[in-house]
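# Commentary on secondary and tertiary structure
Spelled out, the chains give:
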Amino acid sequence: MKIIRDKESMRALAITEKAAGRRIGFVPTMGALHEGHASLVRAAVAQDDVSVVSIFVNPTQFAPHEDLDTYPRTFEADCALLEELGVDVVYAPERASLYPDGYATYVTVEGLSEGLCSLSRPHFFRGVATVVTKLFATVLPDRAYFGQKDAQQCAIIKRMATDLDLGVEIIEMPIVREPDGLAMSSRNRYLSESERHEALRISAALRKAEALLAAGERDAATLLRRVRTEMAPLPVDYAVLVDAATIAPVTRVEGEVLLAVAVNMGSARLIDNIKYKAPVTPSASDRLKSEESVSCC
Ligand code: PAF
C-alpha cells in the first residue's frame, strides 16, 4: 500500500493507471475509520482495479466553534486497517497544499444544501462540495463511494457530479450499525456511556417508522410525530421527511423518501436516517386499462 502526501504524485499515479486502462475506485474520508468506512473500502477494493482512500480532515467544512482541532486523528491505525483491507493507495495531503494562502474558490450546490444539516451547519456543504471536487480532480476516480448515513451529503455530491460533468459514478452504500442499532460514526467516540445508551432511541425510533411505513402509513406528520415521541427526551435538531433525491419536504410518502433525524448529544451531533420506496399502486384508470387488455386478448 502506497501512502502519498502530495497532490502532484497522486495525480501522476492516477494518470498512469488510467492510461493503462485501469479503473480507479475512491473513498474520501476524514480518517478515524470504523466499520462504516470499511464497508465502502471493501466495495472499492472488490469492484475497481485500483483503490484509493483519502484521509484529510477538511477545515472548510468546520465552523470556527466546531471540533476541527479535536476531531479524532488516528492515522497509524487507519493505515493498518486500510492495508488489511487491501487498499492500493492512501492519499493524505497536507492542509496547506489543498488550501494555500490566497485560496478563494468554493463549490455550492444550490437547493439541496439548504435544509436539514445546513440549518445548524450553514458552512458545511460548501466545504464538503469544495473538497470533494478538489479530491476528484487529483484522484481522477471512475467511481466514488459514500455512506447513506450522510444522505444529504450523498444527494449533494450526486447532483454536483452530474452538474459539473465530473465523469464519476457516485455509489451510495447502506448504513452500517453497531449490533445494538446505533449508526456508526467517527463522532460516536465523543459519547459518554449514558449518552451512548440514550442514543439508541434514535435507531429505535427509525425502526418504528419503518414498521409504520411497511404497514401502509403515508402521512408525513403522523410518521414524524411518532419519531419525535420515540426519541423524547433527546435534544432533537431536526426530524424530517423529504424526497430522497431533491431533499425537499413532503407531506405524503410517494416515490422514494428519506426520513432523516439529527440529535445533539453532549458534544456529539448524531445523524441517522432511513430511506423508503413506496410501492407504486396502480391508479383506477391503469387498473381499468389492464382489465380491458386482459378481456380483449
Ligand atoms: O463524509 C466525510 O467524511 C466527509 O464529509 C468527506 C466526504 C470525506 C469530505 O471531507
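Residues numbered from 1 in each chain as written. Predicted model: local features only at pLDDT ≥ 70, side-chain atom pairs only at ≥ 80, totals over all residues. Heavy atoms only, no water.

## Regarding the site of the ligand
Surveying the vicinity of the ligand reveals the residues Pro28, Thr29, Met30, Asn58, Gln61, Val128, Val131, Phe146, Asp150 and Gln153. Within the side chain of Gln61, an N or O atom sits 2.7 Å from an oxygen atom of the ligand. Residue Gln153 places a side-chain N or O atom 2.8 Å away from an oxygen atom belonging to the ligand. Within the complex, 89% of the 290 Å² of free accessible area of the ligand lies under protein. Among the elements of the structure, strand S2 (24–29) and helix H6 (124–139) are those that each provide at least two residues to the shell around the ligand. The class makeup of the residues in the shell around the ligand is five nonpolar, four polar and one charged. (Near = heavy atom within 4 Å. Polar contact = N/O pair within 3.5 Å; in protein donor to acceptor, adjacent residues only side chain to side chain. Areas by Shrake-Rupley, 256 points an atom, 1.4 Å probe, with all protein chains shown as cover. Helix = DSSP H or I, 4+ residues; strand = E, 2+ residues; numbered from the N terminus. Nonpolar A, V, L, I, M, F, W, Y, C, P; charged D, E, K, R; others polar.)

## A few points about the pattern of salt bridges
On inspection of all chains with the given rule, the structure shows 16 salt bridges. In this structure, Glu66 engages Arg121 in a salt bridge whose closest nitrogen and oxygen atoms are separated by 2.8 Å. Here the residue Glu66 occupies a position in the loop between strand S3 (50–55) and helix H3 (75–84), and Arg121 occupies one in the loop between helix H5 (117–120) and H6, the gap between them amounting to 55 residues. Each member of the pair Glu66 and Arg121 is classed as buried. Of the charged contacts in the structure, one is a salt bridge between Lys275 and Glu172, with a shortest N-O distance of 2.7 Å. Taken together, the residues span a long stretch of sequence, with Lys275 in strand S9 (residues 268–277) and Glu172 in strand S6 (residues 169–173) at a distance of 103 residues. For Glu172, a relative accessible area of 22% gives the class partly exposed. One network of salt bridges, with partners in common, ties together Asp48, Arg143 and Glu169. (Salt bridge = Lys/Arg side-chain N within 4 Å of Asp/Glu carboxyl O. Buried < 20%, exposed > 50% of the residue type's maximum accessible area, 1.4 Å probe, protein only.)

## Topic: the sheet that holds strand S7 (residues 236–243)
In space, the three strands of this open sheet follow the order S7-S8-S9, with antiparallel pairing throughout. The open sheet terminates on both sides in strands that have one partner only, identified here as S7 and S9. In this sheet, adjacent strand axes meet at a mean angle of 10° when their direction is disregarded. The sheet strands contacting helix H9 (residues 200–214) are strand S8 (256–265) and S9, and the helix crosses S9 at an angle near 15°. (Pairing = 2+ DSSP bridges. Axes fitted to C-alpha atoms, helices over the stretch in contact; angles between N-to-C directions. Contact = heavy atoms within 4.5 Å.)

## Details of the packing of H9 against helix H10 (residues 220–231)
When two helices pack together, their arrangement is given by the angle between their axes and by how far apart the axes lie. At a minimum axis separation of 8 Å, H9 and H10 run at an interaxial angle of 150°. Between H9 and H10, the angle falls in the class roughly antiparallel. Considering how the two elements wind past one another, H9 and H10 form a crossing that is right-handed. Of the residues in H10, those touching H9 at Arg201, Ile202, Ala205, Lys208, Ala209, Leu212 and Leu213 are Leu223, Arg226, Val227, Glu230 and Met231. (Parallel < 35°, antiparallel > 145°, perpendicular 65-115°, else oblique. Left-handed = near helix turned anticlockwise from the far one by under 90°.)

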